[in-house]
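# Structural overview
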Amino acid sequence: MSDSDLETQQLLLAASQHDIRRLQILLRRGSASAQDPETGFTPLHAAIAACEPPSSSVHTESRENGHQFYGLGNSTSEDDSHGAGEDEIQNAAKTMKLLLENGAIWNDVDMNNETPGCLALRLGLKDLYAIMVDAGVRAEILLNRLDEYEMLSNGQDSEETEGVEKSNGGDLNTAQENSSDIQDAGADSISRPEPDSDDYLRSSLTFHKDKIVDGLQNGVMMAWEADIMKRTADLLVPKAGLRVLNVGHGMGIIDRFIQEKSPSAHHIIEAHPQVLAQMRKDGWYAKSNVTIHEGKWQDVVPNVIEQSVLFDAIYFDTFAEDYKALRDFFSDQIIGLLEDRGKWSFFNGLGADRQICYDTYTRVVELDLFEAGFDTEWETMHVLDIDKEAWKDVKRRYWVLKDYKLPICSFTG
Ligand SMILES: C[S@@+](CC[C@H](N)C(=O)[O-])C[C@H]1O[C@@H](n2cnc3c(N)ncnc32)[C@H](O)[C@@H]1O
């Protein structure tokens, strides 16, 4: 065993024993994010796994391999449903905080493709899960701020540095998908580009009955989202005669629900030429209360604002754009588009292929919304099981969760 492997084993052992003093010494020379080469466990994983119920096995095979530090079953009391007693949980919490203070990465995945937060969630360790969500929120906010700082110091404006991730669900998954490829998944992988906005807008789309996919087989929009669209339209447009703006037509699902509400004005911004062609075929251009703005919202919105058109309700759901694009939209544009007492919403699909990423980004966006002057009310909607067939021909399953958190935002105060 090499010196660094030995150091890693010692760190993991101390973390699994929640031995703060030993960890403090070991962390002077070892990394808080060291990973066991066989299991991919970091000290955070080890600290959490030690609270597993004795009956379950987090990494049985690891123990068989002689790695004694996971899930030691060192919980002595049966006083909570997970086998770990209050003291054990508190010790784990202290250990995790020490590790995080020393630079442990919140979203490294193990060989089981689980981040420490995923592991805590699977073991039902709510308090430990909450610590990991908090750590994720702090890391992501910091990362976003650093991005802004870099942009400022590069002298670029937001147009030039337009983001490259998709915002329609699952785009902000931080952890690696290939569990055999253990390396630093780290906070920076939250901005893995897939696909690029301009590439997407140039790409050829295929329209199926229940979905639209792009040239790379990414799901652009899928019919299973109809319940979410319906509920969003019900909350945003509760009565007839309102002025509504929808950014991103896709399959036209929300636009059809909006039309059912008899809005006095219904504006739609759409950038993809094939979606626009489909809209023409479907008769959207002929509707008397509909105005279609062809182009990217980044180009269209300034003109709309210049014409002093205001809306009672706005929905934002684009594709192949990153979180920064959404933040730019609500930080800079909504103020010029929304009536004082208006409401707006967006498709909240950030990080939806992993629960901890979703919970983390739901909090990040809520904090950013508050900073931008919005109060957000969240409605939790159960997402019915999505038929496996629906994902056929779709490269990546961008939604795996049971609940959708539907945001309704309005100006603070
Ligand atoms: C997820 S779909 C919208 C689905 C829609 N909510 C529905 O109910 O069917 C995203 C749409 O946004 C469009 N889009 C992507 N980037 C855009 C941009 N920068 N400006 C305007 N539209 C954009 C895409 O072409 C696509 O039609």
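The structure presented is a predicted model; accordingly, all values stated were derived computationally and were not measured. (Residues numbered from 1 in each chain as written. Predicted model: local features only at pLDDT ≥ 70, side-chain atom pairs only at ≥ 80, totals over all residues. Heavy atoms only, no water.)

Moving on, we get to the nonpolar core. Formed by 67 residues in total, the largest nonpolar core has its most connected members in I48, L128, L326, F329, F330 and W344. No fewer than three residues from each of domain 1 (3-136) and domain 2 (197-411) sit in this core. Within the second largest apolar cluster, 47 residues are counted, among which are M221, I228, L242 and I386. (Core = buried A, V, L, I, M, F, W, Y, C linked by side-chain atoms within 4.5 Å. Buried < 20%, exposed > 50% of the residue type's maximum accessible area, 1.4 Å probe, protein only. Domains from an automatic or database assignment.)

Within the secondary structure, R145 sits in helix 7 (residues 126-154). Apart from residues lying up to four places away in sequence, R145 is in contact with R327, D368 and E371. In terms of polar contacts, R145 uses its side chain to reach the side chain of E371, at 3.0 Å. (Helix = DSSP H or I, 4+ residues; strand = E, 2+ residues; numbered from the N terminus. Contact = heavy atoms within 4.5 Å. Polar contact = N/O pair within 3.5 Å; in protein donor to acceptor, adjacent residues only side chain to side chain.)

This paragraph deals with the packing of helix 13 (residues 323-333) against helix 14 (residues 355-371). It is the contact of helix 13 with helix 14, at a shortest axis distance of 11 Å, that shows an interaxial angle of 25°. Judged on the interaxial angle alone, helix 14 and helix 13 are roughly parallel. When you trace helix 13 past helix 14, the crossing you get is right-handed. Listed contacts from helix 14 to Y323, L326, R327 and F330 of helix 13 are Y361, V364, V365, D368 and L369. In terms of residue class, the contact of helix 13 with helix 14 is built from seven nonpolar, no polar and two charged. (Axes fitted to C-alpha atoms, helices over the stretch in contact; angles between N-to-C directions. Parallel < 35°, antiparallel > 145°, perpendicular 65-115°, else oblique. Left-handed = near helix turned anticlockwise from the far one by under 90°. Nonpolar A, V, L, I, M, F, W, Y, C, P; charged D, E, K, R; others polar.)

Moving on, we get to the side chain of T376. Positionally, T376 belongs in strand 9 (residues 374-382). Since its relative accessible area comes to 16%, T376 is described here as buried. Residue contacts for T376: discarding those within four places in its chain leaves E366, L369, P407, I408 and C409.

Attention shifts here to the site of the ligand. Inspection of the region around the ligand gives 24 residues, with Y200, G250, I254, E270 and D317 positioned closest. Contact distances for the ligand include 2.9 Å between an oxygen atom and a backbone N or O atom of I254. Within the contact set of the ligand, a nitrogen atom lies 3.1 Å away from a side-chain nitrogen or oxygen of Q298. Protein contact buries 100% of the 600 Å² of open area that the ligand shows by itself. Breaking the shell around the ligand down by element, the ones donating at least two residues are strand 3 (219-222), helix 10 (253-260) and helix 12 (297-306). (Near = heavy atom within 4 Å. Areas by Shrake-Rupley, 256 points an atom, 1.4 Å probe, with all protein chains shown as cover.)

End to end, helix 1 (residues 3-16) covers 20 Å across 14 residues, agreeing with the expected 20 Å (1.5 Å per residue, within 8%). What helix 1 keeps buried is the set T8, Q9, L11, L12, A14, A15 and S16. Turning to helix 1, the residues buried within the fold contact helix 2 (20-27), helix 3 (43-49) and helix 5 (86-101). At the C-terminal side of helix 1, H18 shows a positive phi close to 55°. (Expected span 1.5 Å × (residues − 1).)

All quantities given are derived from atomic positions and should not be read as evidence of function.
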